[in-house]
Amino acid sequence: MRAMVVEDEPLIAGLLVRLLERRGIDAVVARSRAEALTLLALDSRSYDLAYVDVCLSDGRGLDVLVEMRRRGADIPTILATGQVEDLQAEARVVLRKPFQIAAFDAAVDACAKCAPAEAVP
Amino acid sequence: MFGTGEEHRRRTRVLVVHTDEATRNSARCALETSGAVVDVAPCARVAWAMLVAAAPYDAVLVELDAAHPVHIPLQTRIEALTPDTAVVIVAPAATSGAHLLTPFTPHAVVSAVTIAILERDLMRRPLVELAMGLAGIGTRSPTAAFHVDSPWAGSARPHREAA
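Described below are features of the structure shown in this document. Given the structure is predicted, the values throughout are model-derived calculations rather than measurements. (Residues numbered from 1 in each chain as written. Chains lettered and ligands numbered in written order. Predicted model: local features only at pLDDT ≥ 70, side-chain atom pairs only at ≥ 80, totals over all residues. Heavy atoms only, no water.)

1. As for the overall build of chain B
Within chain B, the secondary structure is distributed over six helices and six strands. Across the 163 residues of chain B, 47% fall into the buried class. Considering only residue pairs separated by 6 or more positions, chain B has 66% of its internal contacts joining residues 24 or more positions apart. Counting only carbon and sulfur atoms, one obtains 60% of the accessible surface of chain B, whose full area is about 7400 Å². (Helix = DSSP H or I, 4+ residues; strand = E, 2+ residues; numbered from the N terminus. Buried < 20%, exposed > 50% of the residue type's maximum accessible area, 1.4 Å probe, protein only. Contact = heavy atoms within 4.5 Å. Areas by Shrake-Rupley, 256 points an atom, 1.4 Å probe, with all protein chains shown as cover.)

2. A word on the overall build of chain A
The helix and strand inventory of chain A stands at four helices and seven strands. Overall, chain A shows an N-to-C arrangement of helices and strands of β-α-β-α-β-β-β-α-β-β-α. Its C-alpha atoms give chain A a radius of gyration of 13 Å, within 12% of the compact-globule value 14 Å for 121 residues. Burial analysis of chain A (121 residues in total) assigns 54% to the buried set. Partitioning the contacts of chain A with sequence separation of at least 6, the portion at a separation of at least 24 is 63%. Of the roughly 5000 Å² of accessible surface on chain A, 50% is carried by carbon and sulfur atoms. (Rg over C-alpha atoms; globule rule 2.2 N^0.38 Å.)

3. With respect to the nonpolar core
One finds Leu16(A), Tyr51(A), Ile78(A) and Phe104(A) to be the most contacted residues of the largest nonpolar core, which totals 26 residues. Broken down by secondary-structure element, the contributors of at least two residues to this core are β1 (2-6), α1 (10-22), β3 (49-53), β6 (77-81), β7 (93-96) and α4 (101-114) of chain A together with α4 (106-123) of chain B. Ranked by residue count, the leading element in this core is α4(A), at seven residues. Those residues in contact with Ile78(A) that sit more than four places away from it in its chain are Leu49(A), Ala50(A), Tyr51(A), Val52(A), Val93(A), Leu95(A), Phe104(A), Ala107(A), Val108(A) and Cys111(A). Ranked by size, the runner-up nonpolar core spans 22 residues in total, among them Val16(B), Ala30(B), Ala59(B) and Ala108(B). (Core = buried A, V, L, I, M, F, W, Y, C linked by side-chain atoms within 4.5 Å.)

4. Quick word on the packing of aromatic side chains
Each pair of aromatic rings is reported with the distance of its centres and the angle of its planes. Overall, the coordinates contain two aromatic pairs over all chains when judged by the stated rule. Judged by centre distance (6.1 Å) and plane angle (70°), the ring pair of Tyr51(A) and Phe104(A) falls under edge-to-face. Linking Tyr51(A) in strand β3 with Phe104(A) in helix α4, this pair joins segments that are 53 residues apart in sequence. Here Tyr51(A) matches Phe104(A) in class, with each residue buried. Both rings, one in Phe99(A) and one in Phe104(A), keep their centres 6.2 Å apart while their planes meet at 20°; by these two values the pair is stacked. Here the two residues Phe99(A) and Phe104(A) agree in accessibility, since each one is buried. Cation over ring: Arg13(B) sits above Tyr57(B), and NZ or CZ is 4.9 Å from the ring centre. Sitting over the ring of Trp48(B), Arg77(B) keeps its end group 4.1 Å from the ring centre. (Phe/Tyr/Trp six-rings, centres within 6.5 Å; stacked < 30°, edge-to-face > 60°. Lys NZ or Arg CZ within 6 Å of the ring centre and 35° of its normal.)

5. Observations concerning the pairing of strand β2 (residues 13-17) of chain B
All names here are of chain B. For β2, the tally of buried residues reaches four of five residues, placing the bulk of the element in the interior. Pairing of β2 with strand β3 (residues 37-41) involves five bridges; the strand directions are parallel. The partner of Val17 across the bridge, within β3, is Ala41. Considered for its hand, the β-α-β crossover made up of β2, helix α1 (residues 21-33) and β3 is right-handed. As defined by bridge partners, β2 adjoins strand β4 (residues 59-63) across four bridges and the pair is classed as parallel. Counted as the bridge partner of Val14 is Ala59 from β4. (Pairing = 2+ DSSP bridges. Right-handed = clockwise from strand over helix to strand, strands pointing away.)

Structure (structure tokens):
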């Protein structure tokens, strides 16, 4: 599995990468909205999971979801936010900051359940 | 794929210990807005009473005041009483060893607490797992985070409002 982590706080991003790697998931980090959009432009089809922080230093993380949709990339996404806002129409899983590892793991599990089935050869 | 609205969260419990009421309320507001359950204390004595009386906190924000270094005994006592509680040191700008600098934004407070809790959770993992995967942040002792060479202070920006 491969994940995109869109998080502008490097320490949080680093911790999440380690948590994902522990589960055998390769993670690519985008530290900004712009970096995330660049990654999607390069390859939007190779991600099985995305973690997107809603509040990024250069804009809204929701823009990343919009770009995913525009490119037809149906990536199960965890939206992370520290604000009270109704995001449940935007993504499969909403994760409220601050969160514990157990909550993050549960969110990843929920995304894994809703991921498209792997193609059978 | 979009819009089914599953939310994963256990409400985080945080205690804010700060002598300045505005700072206290600012942190409380930011954390409550994020959905956390927040208690506040104006001093170490009240904080200790709350720590003993209340259910364990996920995190405690403690003011670092060089003139009145209550954070040191309080930190030690927190570690003894509830070792699973993450401690976030709050201090004015240009203070070394702090995790969160004042004045701070709501985003900074929530990020600082998130980092502290994730680090705490990682520290509770089996040692073999730490040894395999957690170079740097994960292998530090919680106490180390309070020194100048802490991973927080060293890698980065302590959290504060941009100028």
